[in-house]
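Examination of the molecular architecture
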Amino acid sequence: MNKIQSLKIRRMEVSDIAPLANIEKQCFSRPWSAREFGHLIEKTDAYYLIAEVTDDHGARKVVGTAGMRIVCGEGDIDNVAVLPEFRNQGIASALIEGLLNAGREKGIEEFTLEVRVSNASAIRVYEKAGFVSEGIRPGFYEDPKEDANIMWIRKKDPAN
Ligand SMILES: CC(C)(COP(=O)(O)OP(=O)(O)OC[C@H]1O[C@@H](n2cnc3c(N)ncnc32)[C@H](O)[C@@H]1OP(=O)(O)O)[C@@H](O)C(=O)NCCC(=O)NCCS
């Protein structure tokens, strides 16, 4: 594991596209391409964050990403990924917190995402952030085929 010295969460910029495509390849069986990330930067309903760390020599490196699309007033979170050698240091949790804060500043109160049912570390990250499992979508994922756990943060009922 590469221990991080400092962590910065910021909006995705054009210069991040190449490192993000590399992160995708290392994290997903069906990675998004640099071109797909390029399209996202132009979209007004998409909000993508990246995690940048600084090593002992002061060099900066993009090590993680998480995105949100605003669909019908809900925050739809996807593409949460952290390079393997930087995991278990709170980077994904910081990215999710950044997305939720940004969404809430825009008036969004409900957020959703899908996650492979076997992905215990991702589910842990989402539960810590307040997501609750609301059901299973059978056979949602390919490569390998697997069910999706559908998770939500719902609007707080003012009566409770
Ligand atoms: C899921 C992922 C983004 C998590 O990133 P991360 O930066 O390591 O996440 P964090 O450090 O914020 O939190 C990880 C949590 O999972 C826990 N964890 C790690 N391995 C675990 C396991 N096998 N079972 C249960 N929990 C586990 C850690 O202990 C930590 O919880 P804690 O803070 O309570 O100790 C990362 O593993 C990843 O990129 N995976 C590949 C891509 C992916 O699956 N993305 C999610 C798509 S929905």
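Residues numbered from 1 in each chain as written. Predicted model: local features only at pLDDT ≥ 70, side-chain atom pairs only at ≥ 80, totals over all residues. Heavy atoms only, no water.

Observations regarding the site of the ligand
Close to the ligand lie 22 residues, the nearest being Val-80, Asn-88, Ser-93, Asn-119 and Lys-128. Interatomic distance of 3.2 Å between a backbone N/O atom of Gln-89 and an oxygen atom of the ligand. Elements with a contribution of two residues or more to the shell around the ligand: strand S4 (74–82), helix H3 (91–105), strand S5 (111–116) and helix H4 (120–129). Top contributing element to the shell around the ligand by residue count: H4, with seven residues. Each residue belonging to the shell around the ligand can be placed in one class, and the counts come to twelve nonpolar, six polar and four charged. (Near = heavy atom within 4 Å. Polar contact = N/O pair within 3.5 Å; in protein donor to acceptor, adjacent residues only side chain to side chain. Helix = DSSP H or I, 4+ residues; strand = E, 2+ residues; numbered from the N terminus. Nonpolar A, V, L, I, M, F, W, Y, C, P; charged D, E, K, R; others polar.)

A few points about the packing of aromatic side chains
Under the criterion given, the structure shown has five aromatic pairs. Between Trp-32 and Tyr-48, the ring centres sit 6.3 Å apart and the planes meet at 40°, which makes this aromatic pair tilted. Here Trp-32 is found in the loop between helix H1 (17–27) and helix H2 (34–42), whereas its partner Tyr-48 is found in strand S2 (residues 46–54), with 16 residues between them in sequence. By relative accessible area, which is 3% here, Tyr-48 ends up buried. Note on Phe-37 and Tyr-48: the rings are 6.3 Å apart at their centroids and 85° apart in plane angle, and the pair reads as edge-to-face. With Phe-37 in helix H2 and Tyr-48 in strand S2, this residue pair connects regions lying eleven residues apart in the sequence. On the accessibility criterion, Phe-37 (0% relative accessible area) is buried. Over the face of the ring belonging to Trp-152 we find Arg-154, whose NZ or CZ atom lies 3.7 Å from the ring centre. (Phe/Tyr/Trp six-rings, centres within 6.5 Å; stacked < 30°, edge-to-face > 60°. Buried < 20%, exposed > 50% of the residue type's maximum accessible area, 1.4 Å probe, protein only. Lys NZ or Arg CZ within 6 Å of the ring centre and 35° of its normal.)

Thoughts on H2
For H2, the full list of buried residues reads Phe-37, Gly-38 and Leu-40. Projected down its long axis, H2 shows its buried positions confined to an angular sector of 160°, all on one face. Facing away from the buried side of H2, by more than 90 degrees, are the exposed residues Arg-35 and Glu-42. (Arc of directions from axis to C-beta.)

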